[in-house]
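Here is how the chains run, residue by residue.
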Amino acid sequence: MSPTIDELVAQAAPISDCELRALDGLECLADELSAAIMREPREAVPSPRGLRGRRPRRPGRSVAALAIAVCAAIVLAATSFLGADQGAQRAWAAEAVRVANAVPRLLLGDSEIQRADQFSVDFGEMTFVDGERRLDLKWNRVGIGAALTEGRRSDRESRVVARTQVLGHSALIYRVGPGRADDYLAGVWRQGGYELELRSGWPGPQLRDSGELVALLRTLRAVGVDEWLSAMPANVVLPVDREKVVRAMLADIPVPAAFDAARLATGDSVRDRYQLGALVAGAAACAWIEQWVSARSSGDAAAEEQAEGAMGTSRNWKILREMHPEGAYPLIIWKYADAIAGSGTVMGGKILTVEESVGPALGCGEGD
Amino acid sequence: MLGYALRRCREPADAADVLAETFLVAWRRVNDVPAGEHDERPWLLGVARHVLANQRRGAARRSRLSERLGQELAAVGPATDELAAGGGVVADALARLDPDDRELLQLTSWEGLDPAQIASALGVPGATVRSRLHRARARLRAELAALGMTHQVTEEIR
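Residues numbered from 1 in each chain as written. Chains lettered and ligands numbered in written order. Predicted model: local features only at pLDDT ≥ 70, side-chain atom pairs only at ≥ 80, totals over all residues.

### Observations concerning the overall build of chain B
Heads up, the rule is: Per the convention used, a helix needs a DSSP run of H or I reaching at least four residues, while a strand needs a run of E reaching at least two, with both numbered from the N terminus. Any residue whose C-beta has 12 or fewer other C-beta atoms within 10 Å is treated as exposed, any with 20 or more as buried, and any in between as partly exposed, C-beta atoms being built from the backbone. By the criterion used throughout, residues are in contact when their C-beta atoms, derived from the backbone, lie within 7 Å.
Across its full length, chain B holds nine helices and zero strands. Beginning at the N terminus, the succession of helices and strands in chain B can be written as α-α-α-α-α-α-α-α-α. For chain B, buried positions account for 54% of its 158 residues. Contacts spanning at least 24 positions in sequence make up 68% of the contacts within chain B whose residues lie at least 6 apart.

### Quick word on the overall build of chain A
The secondary structure content of chain A amounts to 15 helices and 14 strands. For chain A, the proportion of its 368 residues judged to be buried stands at 38%. Of the contacts formed within chain A by residues at least 6 apart in sequence, a portion of 56% connects residues at least 24 apart.

### Comments concerning the confidence of the model for chain A
All names here are of chain A. Test applied: Predictor confidence is given residue by residue as pLDDT, running from a minimum of 0 to a maximum of 100.
Averaged over chain A, the pLDDT score is 76; the fraction of residues at 70 or greater is 73%. Highest mean pLDDT in chain A belongs to helix α12 (residues 301-312) (96); lowest belongs to helix α4 (residues 59-80) (30). The low-confidence segment residues 43-90 (pLDDT under 50) makes 41 contacts with residues lying over four places distant or belonging to another chain.

### Digging into the nonpolar core
Burial of nonpolar side chains together is a common tendency in soluble globular proteins. Residues and elements named next belong to chain A. Heads up, the condition is: Residues of type Ala, Val, Leu, Ile, Met, Phe, Trp, Tyr and Cys that are buried and joined through C-beta atoms within 7 Å form what is called a nonpolar core.
Counting residues in each nonpolar core, the largest one holds 120 residues, and the members touching the most others are Val280, Ala281, Ala285 and Tyr336. Broken down by element, this core gets its largest block of residues, 14 residues, from helix α11 (residues 273-298). Aside from chain neighbours lying at most four places away, what touches Ala285 is Met311, Ser314, Ile333, Tyr336 and Leu362.

### Examining helix α8 (residues 115-122) of chain B
Each full turn of the α-helix corresponds to 3.6 residues, which orients residues three or four apart in the same direction. All names here are of chain B. The buried count for α8 comes to eight of eight residues, which makes it a mostly enclosed element. Every buried residue of α8 is listed here: Pro115, Ala116, Gln117, Ile118, Ala119, Ser120, Ala121 and Leu122. A positive backbone phi angle near 75° is found at Gly123, which sits one or two residues after α8.

### A look at the environment of Gly277(A)
Residue and element names in this part refer to chain A. Among the structural elements, Gly277 can be located in helix α11. Residue classification places Gly277 among the buried residues on the basis of 25 C-beta atoms within 10 Å. In the structure, Gly277 is positioned 42 residues away from Ile319 in sequence and 6.1 Å away in space, judged by C-alpha atoms. For Gly277, the residues in contact, after removing those within four places along its chain, are Met249, Ile319, Glu322 and Met323.

### Some remarks on the packing of helix α6 (residues 88-95) of chain B against helix α9 (residues 126-146) of chain B
Residues and elements named next belong to chain B. Cut-off, in case you're wondering: Between N-to-C directions, angles cover 0 to 180 degrees, with each direction set by a line fitted to C-alpha atoms, over the stretch in contact for helices. Here is the rule for angles: anything less than 35 degrees is roughly parallel, anything more than 145 is roughly antiparallel, 65 through 115 is roughly perpendicular, and the remaining ranges are oblique. Left-handed describes a crossing whose near helix is turned anticlockwise from the far helix by less than a right angle; the clockwise case is right-handed.
In contact at an axis separation of 9 Å, α6 and α9 are set at 120° when each is read in the N-to-C sense. With respect to their mutual orientation, α6 and α9 come out oblique. For the pair α6 and α9, the crossing hand works out as right-handed. Facing α6, whose interface residues are Val89, Val90, Ala93 and Leu94, α9 presents Leu140, Glu143 and Leu144.

### Here we look at the environment of Val103(A)
All names here are of chain A. Tracing the backbone shows Val103 in the loop between α6 (94-102) and β1 (106-108). In this structure the C-alpha to C-alpha distance between Val103 and Ser120, which are 17 residues apart in sequence, comes to 8.2 Å. Excluding anything up to four places from it in sequence, Val103 contacts Val121, Gly124, Trp139 and Tyr194.

### So, unusual backbone geometry
Unusually for a residue other than glycine, Leu167(A) sits at a positive phi of about 50°. In this structure, Leu167(A) sits in the loop between β6 (158-166) and β7 (169-176).

### A look at helix α1 (residues 2-9) of chain B
Extensive coverage of α1(B) is indicated by the burial of seven of its eight residues. Of all the residues in α1(B), the buried ones are Leu2(B), Gly3(B), Tyr4(B), Ala5(B), Leu6(B), Arg8(B) and Cys9(B).

### Quick look at the packing of helix α10 (residues 239-250) of chain A against α11(A)
Residue and element names in this part refer to chain A. Across the interface, α10 lies against α11 with an axial gap of 10 Å and an inter-helix angle of 55°. Of the possible angle classes, the one that applies to α10 and α11 is oblique. Handedness of the α10/α11 crossing: right-handed. For the pair α10 and α11, contact is made by Val245, Val246, Met249 and Leu250 and by Leu276, Gly277 and Val280, respectively.

Listed below in structure tokens is the structure:
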């Protein structure tokens, strides 16, 4: 059987855990480490950046959050004065406005946004299309997720080849994979508490001329909330439409009696139809698989058969058929439909039971 | 954790530094460390990522503990040239990916984390990790093809 991408990556590791365990003397090293560390005082230290959820709230953050909320309220109040005809496009839900107010709202010249699959206050990415060329713009709030500037600086495959200004901010142009026939360029800069990167996307011709990238970076323009949200592609589901879209997606998906569809209709990130479809179809599949696992362990043949039957219809779920050409999520659901109708196992590098693998595979139990 | 550090540092002394500092942070913040191996490991890897980033900025200072560990690791661990030995075409293709994409694939394949654990280590939603992972695999496939590695690759289940 051919290797999976994950297996190929694993084989490329400089040293595997298996090889490490085979080394003599590591147990002594672990003992030494734990003994020495436990002699250290347990004084309070600042939390490492990026470990969210456990930090005490700082006044500065509260003020910033309040400022964003006030800003959002002002925009909502302003847009609510518009007539229904003019205002239809402008009735952005509070969540979308909150995101739009916080993040750097950039558009690239007159290029269209082809993809903006999910974005929130912390991070986001979108693909612009300019003729045959695709350009990926990515942003991360400083301290959240992988650090773009640090990632490029410490990457031995990247080299600074030019410097420029983007909307008044210093930017570095990196050549990634210098010396290779298929290297590419990426521009990286910081702006308003965010790190941003613009690079040529995939598939399509790559940027190799730094002058060309500098020229493109100079076409970036900061826009207002309305213009930015209006530029989103049609497949982006704004929070204001989410309930209606979720209902439509669930129209041909059978769900168990206790299924909580209302939970799917709320969320604070903006998703495209693929991402929302994965959330909706995944929630239904998880609910049926959970019923199947529980019915098998309690010997409830009717509930087991009902779950099998429902999952058996998944190849006809409209949203999965729509998502199929774009990504692998539908394939994963269909693998589980086959597994519960057959051996109860799936193959993913090794044989795994449905019960042990479905959580990470489909994201069961995760919210928005 | 040692594997994580060695796979990213190449120099055993630097790996010892990351390991010692990570566990020192964990010891000092032991009340914050989630219970259970499933949640504890991503938390530790989240700390190690930041220690590593500091080290790459040259901001880390070697403690006596990490110096001693580094000497012992140099004695019992893999040699620097072993760590530097490549993974051939796949390593080249990985090097050409976005740092974010590369890290997702490495956390999956090198550290064996599932998407929920990666989400916890990186501080992003699980759904985002899952979709970025699909895209990162697609990009790696494309980079492998560009480097002439064209044999069939099986679809992952997660």
